[in-house]
Amino acid sequence: MKALIVGANGNLGKLCVLRLRQHPGCEVIALSRSEMNLETDLAIRTALDAAGNFDLLINCAAWTDVDACETDPAKANQVNGHAVGVMAKVAAQGGARMIHISTDYVFDGSQTAPYREEDPTGPIGAYGASKLLGEQKLLAASPDHLALRVSWLFGSAAGGFPLWVVRQAMKSDTLSVVSDKWGSPTGVTDAAEAIVFLAFHGREARGVLHFCNSGQASWHDWGQCALDQAVKAGLPLKTTQLGETTMEALAAKAGWKARRPIHSTLCCDRYAALRGEKPRPWQDAVADYVENDLSASLQASEL
Amino acid sequence: MVERLRSIAIDRRMLGPRNRSAPQTLNPRFSPEMARHRYPFETLEPKWQARWDEEQTFATPNPGDTEFDASKPKYYCLDMFPYPSGAGLHVGHPEGYTATDIICRYKRMQGFNVLHPMGWDAFGLPAEQYAIKTGQHPRVTTEQNVNNFRAQLKRLGFSYDWQREVNTTDPDYVRWTQWIFLQLYHSYFDEATQKARPVAELVARGWTREQIDAVRLAFVAEVPVNWSPDLGTVLANEEVEEWKSKGNTVERRPLRQWNLRITAYAQRLIDELEDLDWPESIKLLQRNWIGRSEGAEVTFIVKRQGGRKEHEVTAFTTRPDTLFGATYLVLAPEHPLVDEVTTQAQQEAVAAYRKETAAKSDMDRTEATPKKTGVATGGYASNPVNGSRIPVWVADYVLMSYGSGAIMAVPAHDDRDHAFAEQFDLPIIEVVQAPADFAGKCFTGSGVAKSSGFLDGLPTPKAKDLMIAWLEAHGKGRRKINYKLRDWLFSRQRYWGEPFPIVWKDGLHEALRESELPLLAPDLDDFKPTGSPEGPLSKATDWIRYSKKAKRETNTMPQWAGSCWYYLRYTDARNLQRFASKSAEAYWMGDGSGKSGGVDLYVGGTEHAVLHLLYARFWHKVLHDLGHVSTREPFQKLVNQGLILGEDGQKMSKSRGNVVNPDDVVEEFGADSLRLFEMFMGPLEQVKPWSTKGVEGVNRFLAKVWRLVLEEDQEGRWIPSSSIADVPPTKAQLKVLHQTIKKVTSDIESMSFNTAISQMMVCTNELGKDDPRPASVVATLVQLLNPFAPHMADELNEMLHERFGDAVAPANLAYHPWPKHDEACLIEDEIEMVVQVNGKLRDRIRVAPDCPQKTCEELAIACEGIKKHLEGLTVRKVIVVPKKLVNIVAN
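1. Section: the overall build of chain B
Looking only at helices and strands, chain B has 30 helices and 36 strands in total. Every one of the 891 residues in chain B was classed for burial, and the buried ones make up 55%. Within chain B, counting contacts between residues at least 6 apart in sequence, those at least 24 apart form 71% of the total. With 110 positive and 119 negative side-chain charges, chain B shows a separation of 3 Å between the mean positions of the two kinds.

Written as structure tokens, this is what we have:
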């Protein structure tokens, strides 16, 4: 099988490249931002053309800066929406399947129960709207394509929220994080593993599919879990207990431009049925990350 | 597949050292992708490259343009432009290019109008050989390669003014290369003024066509040339070694060829090196290449054994004082008198020898090989000073193109003559007394003349002068200065070069009119050399036919032509009326400071010491003599970058597999890291090995600077660090900052980039310890970093500007004034003094440098570490050595 990975230099894309290359018989072509500019359709077509024939296209590229999307929705729609459509069409015309990574931000966040694939979408910001546009363009190009919605990615090279919490806790005595925003943290290694599974085995998966680690958390739960693990690992923390704050307060302090959904836990029953088992709890993924990868991230970012 | 292997190799490399350095408390299951996320260079570098392109940040106006600021001084900084090969950029290119880019970015911040251009030396054999193989027109290959090179250079963030890009193969460029050739064709060298003058002056004086053709600076001559049947072209002497080492055969053959009279400028090319700021080694190479020697031309009368007819042969010698020791005469095999002096008996041997010689190059013939070859002609010469009869030989160690093609052999005092005489058993007569301690067989130094009639007892210099005076008085010779430099063979039998703007009519050459330029080569289906001196253009029969009677010249110019004047074109690259407007040329090349050269800084490799750098100086002088350019030299200051070796310390080559591709380095570590590392490897001029660990090191340093200024927020976005605040700096912070400004500034001026980077590392480490960090101090450090790592500096500066405004960080970094250091900030405001009790070191105190003696005493006695040592004792005396120590004497 020949797989093309777009966004191959990103946190998730890099891992996908690495994992797929470990599969015998799988040829991987990695396209990073410098090799494929998503802002013009012509550049996308040229880059895909140059890559030749392929069986699978995995798109991990996106413009994820939620606030920046809010100020430049045209660019957001191009990169997260129209560009996906172009890739999806080229793939469909060449008889290839496409797995496109989407987001929990397509929902408005008003539903307290975990969101199922068929629940109505309703993005409340430009980022979510552009990602939803991408899903629509993807499935319009071919019903065989797959939009994989993931939420709250963390871990690996970029580290993400747990790394941020630990680093802050090493620097300051008090630290407060938001306790009124809910969702499902997802380890990026878990997500990459799921993508590899879907690439080889879950071929019947098409349309929309949710993937995240099991369980629900607030940012506060998530961060506290990371801190608890850091204590176990013997990291020199200045504080081990997180204070609480609200989304409203943080939005004002950090100058947020975009609204974020309050509840965005995803229901992974469909994925679990395909796979035969549920994804592991998010707490395990956090523990795994702190135990195995966080030290290297800290080291890479040490001053 | 290749891609895949490469990535595995890199992974393993990065895995090793990382694993070892990870803290033991954690289980480091280090994944290679981790280390690469030190900071997001992969997004910020393309962002700034696109912005510099869009905003034309580095476009440089010329005098007369609306944006031109005449109040600023100019600075013209030039890179040796590359040949755009199919292989793309190698890591050697960015070394010199980064050095000049640092200088240029720095000079812009210093308030200079900076000219920093780039272009392509795009004619050449590789594109033509590819065309021969594939049938694809060299123009197509060249364009692809140029596009690739340009993209690669842009990815490294060099601040070139791309509007001035030149390509030596563009018709608009070829036109002016041909125009300059016509300047040479229409000029002669006037010995009286030592300058080129138009031949029109000679026409006015009534000179004949033949006489004029004999003095043109571009002239046709039948000369023995280096002909390569494999390449189907002739080669310049300077090029022979390179192509032979690539496995091509090269032989000598007489051909009618275009030549440029560079020898006329030999003396000026030596003398005018004087005022240039060039490395002494390069000046020396040029002087040796030109090879000036003073001596005498001696006239010998030669005739065939038993013959009656006498002929005159002049031989050049640097040692006329040894004329009494001349025991035979040697003619070059090509010498026209060889046939005249050869006897019947020797004819066969001489003919065979001449044939054998034809296969050798000048280099082969003059190499100091132990075995000399030669044949006696059977002719004899008479030594003009004593009338003795000496034999005439033919030998290939004498070159027809050097001097007059004949030498007088003094085997007692010349190594080659000595070897030859021993081999052929010719007489050796000592005429210079060697020093008593001389142990060799052949004394070639200066001594005292002996067995030399009227010269006996004279030291060598005096003997030389007296002999020359004697020769001149008796009409048997004259003082002569000789040069090794040959005229520049300018014809090539190739397709992919500039055609000569020349037609032939009735066996005579004629220049095209300027209005007929550019003359472009016709399209061909087959680019193969013809294997004949006519070259591939001879196949284009329609093109050759200029008129009923006239045919075009079918040779083309060598690759050196385009690179002889590209630096002039940059000053006004889009001009259609002139090679460059007078005002632009005068401004950028102008010598406001009274210097002789135009380009303020020229950086490139040493391999061009005697080729490009000599040819360009020659053309420039001709153009200067004719009033077309304003300086007599093209390049005031020259700096050579050192070679970059492979990681194994060997020269990089495909066969060794140690070639580092800059694209891979950029992909993995970013352009700023590549730039910084190439400058951090060591002094620019030094030869140094590549080190991947070293790139990682500078990458880590850049990540430190990044995190000095920015931090990630909860959603992973980079925002100004909470540790940075608009607070006044401490004395310690000011001190390290101003030390850094001072050092970086003086190090850039002296091109000691590696030590400038070290100082920025020191500064970053110091500031990293502080919380809060003053925004103004951090912003200044970013400005210092800008010439070295411009992408990161622009990004950090933008963030600081958004957060803190103009007062801290400027909106535009590229033209922001360079920071100045304040000497007052460097002064130590506290010094350390040692405190002793009865001569033993017990403690230290910190005091102001001008602290009064009395206060020092009090502080010393009062400090904690001393109190316990004084318990129960009475202080008898306190001795203070100012700024050093306090000794308390107690019992």
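2. Remarks on the packing of helix 27 (residues 775–785) of chain B against helix 28 (residues 790–804) of chain B
Residue and element names in this part refer to chain B. Contact pair helix 27 / helix 28: the axes reach a minimum separation of 9 Å and the direction vectors enclose 155°. Here helix 28 runs roughly antiparallel to helix 27, going by the angle between their axes. Judged by the sense of rotation from one axis to the other, the crossing of helix 27 with helix 28 is left-handed. Contacts from A775, V778, A779, V782 and L785 in helix 27 reach M792, A793, L796, N797, L800 and F804 in helix 28.

3. Remarks on the environment of B:E795
All names here are of chain B. If you trace the backbone, E795 turns up in helix 28. Given a relative accessible area of 9%, E795 falls into the buried group. As a C-alpha pair, E795 and V782 span 13 residues in sequence and 9.6 Å in three-dimensional space. Once you skip the residues sitting within four places of it in the chain, E795 turns out to touch L44, K47, W48 and W706.

4. Side note on the sheet that holds strand 1 (residues 74–79) of chain B
Strand pairing within a sheet occurs via backbone hydrogen bonds; the two strands may be parallel or antiparallel. All names here are of chain B. Read from one edge to the other, the open sheet built from four strands follows the order 2-1-24-26, with strand pairing classed as parallel. Among the strands making up the open sheet, the edge pair consists of strand 2 (113–115) and strand 26 (638–640). In this sheet, neighbouring strand axes are inclined to one another by 20° on average, regardless of whether the strands run parallel or antiparallel. In this sheet, strand 2 lies alongside strand 1 in parallel orientation, the contact comprising three bridges. Bridge pairing in strand 2 places Y75 opposite V114.

5. Structural notes on the pattern of salt bridges
Taken as a whole, this structure holds 56 salt bridges over all chains when the rule is applied. Note that B:D713 is salt-bridged to B:R717, the shortest N-O span being 3.4 Å. Take B:D713: its relative accessible area is 14%, and that puts it in the buried class. On the basis of relative accessible area, B:R717 is assigned to the buried category, the value being 16%. The closest approach of N and O atoms between B:K743 and B:D747, which form a salt bridge, is 3.0 Å. Note that B:K743 and B:D747 are positioned in helix 25 (residues 731–749) at a spacing of four residues, about one turn of the helix. Using a relative accessible area of 33% as the deciding quantity, one classes B:K743 as partly exposed. Sharing partners across several salt bridges, the network here consists of A:D65, A:D67, A:R260, B:D713, B:E715 and B:R717.

6. Some words on the packing of helix 8 (residues 219–232) of chain A against helix 11 (residues 282–292) of chain A
Residue and element names in this part refer to chain A. Put simply, helix 8 and helix 11 touch, their axes get as near as 9 Å, and they point 40° apart. Relative to helix 11, helix 8 is oriented oblique. As helix 8 runs across helix 11, the sense of the crossing is right-handed. Facing D221, W222, C225, A226, Q229 and A230 of helix 8, the residues of helix 11 in contact are W282, Q283, V286, A287 and V290. For the contact of helix 8 with helix 11, a count of residues per class yields eight nonpolar, two polar and one charged.

7. Focus on the domain arrangement of chain B
For chain B, the assigned domains read domain 1 (178–268 + 487–561), domain 2 (292–483), domain 3 (718–826) and domain 4 (831–890). Distance from the C-alpha centre of domain 2 of chain B to the C-alpha centre of domain 4 of chain B: 86 Å.

8. A short note on the environment of B:K464
All names here are of chain B. Tracing the chain through its elements places K464 in helix 16 (residues 460–473). Sequence separation between K464 and A449 is 15 residues; the distance between their C-alpha atoms is 9.8 Å. The residues touching K464, leaving out its near neighbours within four places in the chain, are T318, R319, P320 and D321. Of note is the side chain of K464, whose polar atom sits 3.4 Å from the backbone oxygen of T318.

9. Some points on the sheet that holds strand 19 (residues 488–489) of chain B
All names here are of chain B. Read across the sheet, four strands follow the order 8-7-9-19 without closing on themselves; strand pairing throughout is antiparallel. Since the sheet does not close on itself, it has two edges, and those belong to strand 8 (233–235) and strand 19, each with one partner. Pairing analysis gives three bridges linking strand 7 (residues 218–228) to strand 8, with the strands arranged antiparallel. Bridge pairing in strand 8 links N226 to L235. Docked against the sheet, helix 6 (residues 171–185) engages strand 7 and strand 9 (251–260), running at close to 90° with respect to strand 9.

10. What to know about the nonpolar core
All names here are of chain B. Core analysis: the biggest nonpolar cluster contains 179 residues, and F181, W619, W690 and F788 have the highest contact counts within it. Of the domains in this structure, domain 1 (178–268 + 487–561) and domain 3 (718–826) are the two that each give at least three residues to this core. Not counting residues up to four positions away in its chain, the partners in contact with W619 are T177, I180, L184, L260, W488, F490, A561, C564 and W565.

Conventions and cut-offs
- Residues numbered from 1 in each chain as written.
- Chains lettered and ligands numbered in written order.
- Predicted model: local features only at pLDDT ≥ 70, side-chain atom pairs only at ≥ 80, totals over all residues.
- Heavy atoms only, no water.
- Helix = DSSP H or I, 4+ residues; strand = E, 2+ residues; numbered from the N terminus.
- Buried < 20%, exposed > 50% of the residue type's maximum accessible area, 1.4 Å probe, protein only.
- Contact = heavy atoms within 4.5 Å.
- Lys, Arg positive; Asp, Glu negative; His and termini not counted.
- Charge placed at Lys NZ, Arg CZ, Asp CG, Glu CD.
- Axes fitted to C-alpha atoms, helices over the stretch in contact; angles between N-to-C directions.
- Parallel < 35°, antiparallel > 145°, perpendicular 65-115°, else oblique.
- Left-handed = near helix turned anticlockwise from the far one by under 90°.
- Pairing = 2+ DSSP bridges.
- Salt bridge = Lys/Arg side-chain N within 4 Å of Asp/Glu carboxyl O.
- Nonpolar A, V, L, I, M, F, W, Y, C, P; charged D, E, K, R; others polar.
- Domains from an automatic or database assignment.
- Polar contact = N/O pair within 3.5 Å; in protein donor to acceptor, adjacent residues only side chain to side chain.
- Core = buried A, V, L, I, M, F, W, Y, C linked by side-chain atoms within 4.5 Å.

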